[in-house]
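Structure assessment
Residue strings, one per chain:
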Amino acid sequence: MQGYILHTHRVKDEDLIVSILTPHKLKTLYRFYGARHASVHIGYKIDFEAIHSAKSSLPMLREVLPLAFSWIFEKERFFYWQQFLKLLYKHLKDVNELDPFYFELLEDTAHTIAKQNPKRTLIESYLQLLYHEGRLHTELVCFICDKPIQTNLTLKRSFLCAHPSCLFGVAFARNKIQNLFETHSTIALDDSEIDLLWQIVQEGL
Ligand SMILES: [Zn+2]
């Protein structure tokens, strides 16, 4: 079985509880410490086996084989990737059955993040997530006063839009955000705008 490690939690000194995103489930497994175990880090894609045992109420994580990406040792790229996976864990941790969309999104993202600014890739992935969940509102209506936005706008968590007069925050040009929401592409945005959008993503998916 293959999956992405979204979360680890240390227990009893060296053992770990590990949450792994697979196509249909966020699996929680128990990893007993042992010198022969491959390292388990948030952000890694691994091949593994889940073994049920009387020793533990959780299935045991065994036969871990890391599946490397070409960019995994690029510190900055891997850092932003990990940040996104931590946010995804918080977003999915209470969901029982998952749509394969989330696993496939990480498959695509792991491929595209190798080629451009990691924050751009992750913002584009987040737009796909919002669209998939029916939370991307391309009509650009202010969520405070419920009136359409004509020129500039500010953005809140989940990329909700508001008039700068209704909600304090950095103003974005309406046409740029419209383009972003319709195409899921950051090509029309400069790096300073990407940094601002990334700050909003970090508030939570
Ligand atoms: Zn308004």
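Now for a description of the structure that goes with this document. (Residues numbered from 1 in each chain as written. Predicted model: local features only at pLDDT ≥ 70, side-chain atom pairs only at ≥ 80, totals over all residues. Heavy atoms only, no water.)

**Description of the coordination of the zinc ion**
With distances of 2.1 to 2.4 Å, the protein atoms coordinating the zinc ion are Cys142 (SG), Cys145 (SG), His163 (ND1) and Cys166 (SG). Between the four donor atoms coordinating the zinc ion, the angles at the centre fall across 97 to 118°, so the site counts as tetrahedral. Motif for the zinc ion, donor spacing along one chain: C-x2-C-x17-H-x2-C. Within this pair, whereas cysteine 142 is found in the loop between helix H3 (118–132) and strand S6 (152–156), its partner histidine 163 is found in the loop between strand S7 (160–162) and strand S8 (172–173), the two being separated by 21 residues in sequence. For the pair cysteine 142 and histidine 163, a shared accessibility class is recorded, and that class is buried. (Donors = N, O, S within 2.8 Å, 3.2 Å for Na, K, Ca; no water. Tetrahedral: all angles 85-135°; square planar, octahedral: opposite > 155°, others 65-115°. Helix = DSSP H or I, 4+ residues; strand = E, 2+ residues; numbered from the N terminus. Buried < 20%, exposed > 50% of the residue type's maximum accessible area, 1.4 Å probe, protein only.)

**Looking at the pairing of strand S2 (residues 15–21)**
With six of its seven residues buried, S2 lies for the most part within the structure. Two strands pair when backbone bridges link them, and strand S1 (residues 2–11) and S2 are joined in this way by seven bridges, in the antiparallel orientation. Within S2, the position partnered with arginine 10 by the bridge is leucine 16. Hairpin remark: S1 followed by S2, antiparallel, with three residues in the connecting loop; positive phi at lysine 12, about 45°. Bridging between S2 and strand S3 (residues 26–31) involves six bridges; their strand directions are antiparallel. Note on S3: the bridge partner recorded for serine 19 is threonine 28. (Pairing = 2+ DSSP bridges.)

**Some points on helix H5 (residues 191–201)**
Every buried residue of H5 is listed here: Glu193, Ile194, Leu197, Trp198, Ile200 and Val201. Taken end-on, H5 shows its buried residues confined to a sector of 155°, consistent with a single buried face. At its buried positions, H5 is contacted by helix H1 (75–92), H3, S6, S8 and helix H4 (174–183). (Arc of directions from axis to C-beta. Contact = heavy atoms within 4.5 Å.)

**Some remarks on the packing of H1 against helix H2 (residues 101–112)**
Contact geometry for H1 and H2: axes closest at 13 Å, N-to-C directions at 175°. With respect to H2, the element H1 is oriented roughly antiparallel. From H1, Trp81, Phe84, Leu85, Leu88 and Leu92 reach across to H2, where they touch Tyr102, Leu106, Thr109 and Ala110. Across the contact of H1 with H2, the residue classes break down as eight nonpolar, one polar and no charged. (Axes fitted to C-alpha atoms, helices over the stretch in contact; angles between N-to-C directions. Parallel < 35°, antiparallel > 145°, perpendicular 65-115°, else oblique. Nonpolar A, V, L, I, M, F, W, Y, C, P; charged D, E, K, R; others polar.)

**A closer look at the layout of surface pockets**
Taken as a whole, the second largest pocket holds about 160 Å³ of empty space. Contributing elements (two or more residues each) for the lining of the second largest pocket: S6 and H5. With three residues, H5 is the largest single contributor of residues to the lining of the second largest pocket. For the lining of the second largest pocket, the class distribution of residues is seven nonpolar, two polar and two charged. (1 Å grid on protein atoms, 1.4 Å probe; cavity = no way out; pocket = protein on both sides within 12 Å on 5 of 7 lines; lining within 4 Å. Points joined across faces, edges and corners; volume = space filled by probe spheres on them.)

**Here we look at the side chain of lysine 45**
By secondary structure assignment, the location of lysine 45 is in strand S4 (residues 45–51). Within the structure, the side chain of lysine 45 is placed 3.5 Å from the side chain of glutamine 2, a separation counted as a polar contact. Look past the residues within four positions of lysine 45 in its chain and what remains in contact with it is Gln2, Gly3, Tyr4, Leu65, Pro66, Leu67, Phe69, Phe103 and Glu107. (Polar contact = N/O pair within 3.5 Å; in protein donor to acceptor, adjacent residues only side chain to side chain.)

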